[in-house]
Amino acid sequence: MQVGNLQVRIAMLAAAVLAGSSCSAKKPVVVAHAATAPPAITASPADPASPAKQAQASASPPSAREPNSAPAQAQLATPTAEAVSSTTAPAPDPVADLIARVEREYQAGMDAYQAGQTDSAKQHFDSACNALLDSKLDIRSDNRLEQEFERIVTGIDKLNLGDLADADAQKSEPAPIDETNGITPSADAKTKAKAQAEIKATHSDLPLMMTDQVAGYISYFSTHGRGTFERAYARSGRYHDMMVSILKEEGVPQDLIYLAQAESGFHPLAVSRVGARGIWQFMASRARGYGLQHNMWVDERQDPAKSTRAAARHLRDLYAQFGDWYLAMAAYNSGPGTVQAAVKRTGYADFWELYQRNVLPKETRNYVPIILAVTIMAKNPSQYGFDDVNMDEPVAYDEVEIDYPVSLRLVAECVDSTTEQLQDLNPSLLRLSTPRQGKFELRLPAGTRDTYRTAIASIPPDMRLWWRYHKVEPGDTVASLAHSYRVSAKSIETANHLEGADLEQNAHLIIPIAPSKHPVDTATYARRITRYHVRRGDTVESVAENFGVSPKMLRRWNGLHSDSLQGRRVLALHLPISPGSEKTLTASRTSLAHRRTSEVASNEVAAENPRASNTEDSSEGTAVLRHTVRSGETLYSIATAYKTTVAALKRSNGNVAILRPGMILIVQPAQ
């Protein structure tokens, strides 16, 4: 069974059940000057039930609904003599029987996965999905079925089986704020005292205050969350100067840049669980109110410069409303209405007072301490061991204003670049082409503006979505190019005014591809299901807009016939992905899937035993190292240690973007 088939079945199940994405709410920032710090809060999450216990609970009918109903396993057992002699036999329970069958397959899949038998695991998971899918029972009609569905889909998704084949296609990154906002770490007295001393010597245009909560997050980012902080800190080098300049122009504190570090880790493609996007994590409606365009072609929430200006203006407006930067940040997180209601309810326009009185959402209460912790650490990197981080460099680029649609593949060919590089320079583009109407500021690799203008002039404006611009390589002939691009040799000769059969090496040829051969309007979606819990006021249009998908697709995935979500608790959707290059899509899908499938068992063993790292494999004559990622390591630090490059690491590991302790990386030392 192929990984894709399993994901398709999960998608079909999700559409039938409305198995939506669990997305926590977008969080604003809070600013307040409190004289009294609230006491430390220590998180004490309940231990989750083991898979076996969860399976038993899912397979058993809820006692509150059917107090006399026996568990599914009991119903499948051989009846006793008393039951046989009873005048009234127990009514058959098809739901319990179905759950029992699904559970057997699911548990067999989990056992196989834990044993490193991924192919067998996928077959069992596929059988579990098929049992639900092929059943004539309506999953929504019985709470037991719906719970079982949620459990197995969540369990399968957590195993990341889809990543074995699609890792190179998935470009979006979870917003770090979702993870850090879900915890409330306890304070460490030593950490707090050290940070308290540093605040006195730290210059900031935001008020800095030390509380147990701030100290708790400093401790977290110094230990378990060190990798999260270091990746964001390194990435800030690319955007810092640009952002600080815009914040200064808009008349707001320049240290608000650390709000972006906490929110998204400076990743333009970061997406939160509720569809907030970009470096500044704007929801669609708020972004539109500050002039950020969002349609099926472009989402300017993902444009670093434009979203920074919009965020600065939004924060400036919030400060004008509350007169306090902490409250302004809190309102950025949960909305001005939420903060205003808390102030009105208590009579205190002070963040820490609102914190103590527990009148703000948990995410908002944690939000300000997170921002303060990040600010203190980022402004004192050497004290926390980050002074040797390899910072990203700002990327220089040319910009050209265009008023026609053009394929990024064609642009890449015109400037001898790649679609990946162009997507990186133009993160607001949702597709491999520019908008169909209006003007667009296209960013090009530095020094290529004139080259692009010269090359694109040879392509008719109405053909720039389909035609190609080919650089002649050794061995190319008109016939071979015609075969590769599936066009006629005559059309190539006519478009390029060729008279002979010989092609000059490194010359460029126009390839006139018929529009019908390349449907560029088709969006690409991740295979993995995202589950979204419907909130009050949601509509199909608003949810689709927040996640950057079309309302039509959202309705199709969930079997909806209108824009109303009344009675719906969860929705299933697939996040739009940033497509990879043609080379990636053709070569990596086979080689990467094969390599990762064969390595996953050893990777899991190594993840359980971090000491089993840096092993060599010379089966192909070249030393290949396997490195176990440790806490705090980054692609930059690992590449430096092995004298290779970040690009090479990504190439060998499916364009991995996020490192987690215990992850195994393949390292190909530089030749």
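Residues numbered from 1 in each chain as written. Predicted model: local features only at pLDDT ≥ 70, side-chain atom pairs only at ≥ 80, totals over all residues. Heavy atoms only, no water.

Student: Tell me about the overall build of the protein, and name the residues and values.
Tutor: If you tally the helices and strands in the protein, you get 29 helices and 11 strands. Looking at the protein as a whole, 52% of its 671 residues qualify as buried. Long-range contacts, defined here as pairs at least 24 residues apart, represent 74% of the contacts in the protein between residues at least 6 apart. For the protein, the exposed area adds up to about 31,200 Å²; of that, 50% sits on carbon and sulfur atoms. (Helix = DSSP H or I, 4+ residues; strand = E, 2+ residues; numbered from the N terminus. Buried < 20%, exposed > 50% of the residue type's maximum accessible area, 1.4 Å probe, protein only. Contact = heavy atoms within 4.5 Å. Areas by Shrake-Rupley, 256 points an atom, 1.4 Å probe, with all protein chains shown as cover.)

Student: I'd like a rundown of the confidence of the model for the protein, residues and numbers included.
Tutor: Of the residues in the protein, 70% reach a pLDDT of 70 or more, and the chain-wide mean stands at 76. Long-range and interchain partners of residues 18–87, a stretch whose pLDDT sits below 50, account for 187 contacts in this model, where long-range means more than four residues apart. Taken together, the stretch residues 578–623 has pLDDT below 50 and engages in 75 contacts with residues farther than four places along the chain or on a different chain. (pLDDT = per-residue confidence, 0-100.)

Student: Tell me about the nonpolar core, and please be specific about residues and values.
Tutor: Counting 71 residues, the largest nonpolar core has Ile218, Phe221, Trp280, Tyr332 and Phe351 as the members making the most contacts within it. No other element matches the 10 residues that helix α19 (residues 362–378) contributes to this core. Non-local contacts of Phe221, meaning those with residues more than four positions away in its chain, are made with Thr180, Arg226, Phe229, Ile370, Ala373, Val374, Met377 and Phe386. Membership of the second largest hydrophobic core comes to 28 residues, among which are Val411, Leu422, Leu444 and Trp467. (Core = buried A, V, L, I, M, F, W, Y, C linked by side-chain atoms within 4.5 Å.)

Student: An account of the pattern of salt bridges is requested, with residue identities and associated values reported.
Tutor: Taken as a whole and assessed by the stated rule, the structure comprises 17 salt bridges. For Lys439, the salt bridge identified is with Glu401, shortest N-O distance 3.8 Å. Taken as a pair, Lys439 in the loop between α21 (419–425) and β4 (440–445) and Glu401 in strand β3 (residues 397–402) lie far apart in primary sequence, 38 residues in all. In the salt-bridge network here, residues are joined through shared partners; they are Glu249, Glu250, Arg309, Arg313 and Arg316. (Salt bridge = Lys/Arg side-chain N within 4 Å of Asp/Glu carboxyl O.)

Student: Explain helix α17 (residues 336–346) to me, and be specific about the residues and the numbers.
Tutor: Along α17, the residues classified as buried are Pro336, Val339, Ala342 and Val343. Considered in projection along α17, the buried side chains sweep an arc of 130° and stay on one side of the axis. Structural note: α17 exposes Lys344 and Arg345 on the side pointing more than 90 degrees away from its buried face. Of the surrounding secondary structure, the elements contacted by the buried residues of α17 are α14 (284–289), α15 (304–322), α16 (325–334) and α18 (351–356). Just past α17, the residue Gly347 takes up positive phi, approximately 85°. (Arc of directions from axis to C-beta.)

Student: Talk me through the environment of Asp299; I want residue IDs and the actual numbers.
Tutor: Structurally, Asp299 is set in the loop between α14 and α15. Of the polar contacts made by the side chain of Asp299, one reaches the side chain of His294; its length is 3.5 Å. (Polar contact = N/O pair within 3.5 Å; in protein donor to acceptor, adjacent residues only side chain to side chain.)

Student: Tell me about the packing of helix α25 (residues 540–547) against helix α26 (residues 551–558), and name the residues and values.
Tutor: Between α25 and α26, the shortest axis-to-axis distance is 9 Å and the interhelical angle comes to 110°. Taken as axis vectors, α25 and α26 run roughly perpendicular relative to one another. The segment α25 lies against α26, with Val540, Glu541, Val543 and Ala544 engaging Pro551, Leu554 and Arg555. Per-class residue counts for the contact of α25 with α26 are 5 nonpolar, no polar and 2 charged. (Axes fitted to C-alpha atoms, helices over the stretch in contact; angles between N-to-C directions. Parallel < 35°, antiparallel > 145°, perpendicular 65-115°, else oblique. Nonpolar A, V, L, I, M, F, W, Y, C, P; charged D, E, K, R; others polar.)

Student: A description of the packing of aromatic side chains should follow, citing residues and the corresponding values.
Tutor: Per the stated rule, a full pass over the model turns up 11 aromatic pairs. When the ring of Phe221 is compared with that of Phe229, the centres are 6.0 Å apart and the planes differ by 50°; the resulting orientation is tilted. We classify Phe221 as buried; its relative accessible area is 4%. Under the relative-accessibility criterion, Phe229 is labelled buried at 2%. Plain terms: the ring middles of Phe282 and Tyr332 are 6.1 Å apart, the flat faces sit at 65° to each other, and that makes the pair edge-to-face. Remark: Tyr332 occurs in helix α16 and Phe282 occurs in the loop between β2 (270–271) and α14; sequence separation between them is 50 residues. On the accessibility criterion, Tyr332 (7% relative accessible area) is buried. Taken together, the ring pairs connect Tyr220, Phe221, Phe229, Tyr233 and Phe386 into an aromatic cluster. (Phe/Tyr/Trp six-rings, centres within 6.5 Å; stacked < 30°, edge-to-face > 60°.)

Student: For the environment of Gln261, give the residues involved together with the corresponding values.
Tutor: Mapped onto the elements of the fold, Gln261 is located in helix α13 (residues 257–264). Sequence separation between Gln261 and Trp280 is 19 residues, and the spatial gap between their C-alpha atoms is 8.7 Å. Leave out the neighbours within four places in its chain, and Gln261 touches Phe229, Ala232, Tyr233, Phe266, Val374 and Ala378.

Student: Kindly report on the environment of Ala373, identifying the contributing residues and their values.
Tutor: Locating Ala373 in the fold gives a position in helix α19. Each C-alpha atom of the pair Ala373 and Ala215 lies 7.1 Å from the other, and the pair is 158 residues apart in sequence. For Ala373, the contacting residues outside a window of four places in its chain are Val214, Tyr217, Ile218 and Phe221.

Student: Please provide a residue-by-residue account of unusual backbone geometry, values included.
Tutor: Of note, the phi angle at Gln281 is positive, near 50°, even though the residue is not glycine. The topology assignment puts Gln281 in the loop between β2 and α14. Even without glycine at this site, Asn506 takes up a positive phi of about 75°. Turning to its location among the elements, Asn506 is positioned in the loop between α24 (489–496) and β6 (508–511). Looking at Asn506, the relative accessible area reads 46%, which means it is partly exposed.

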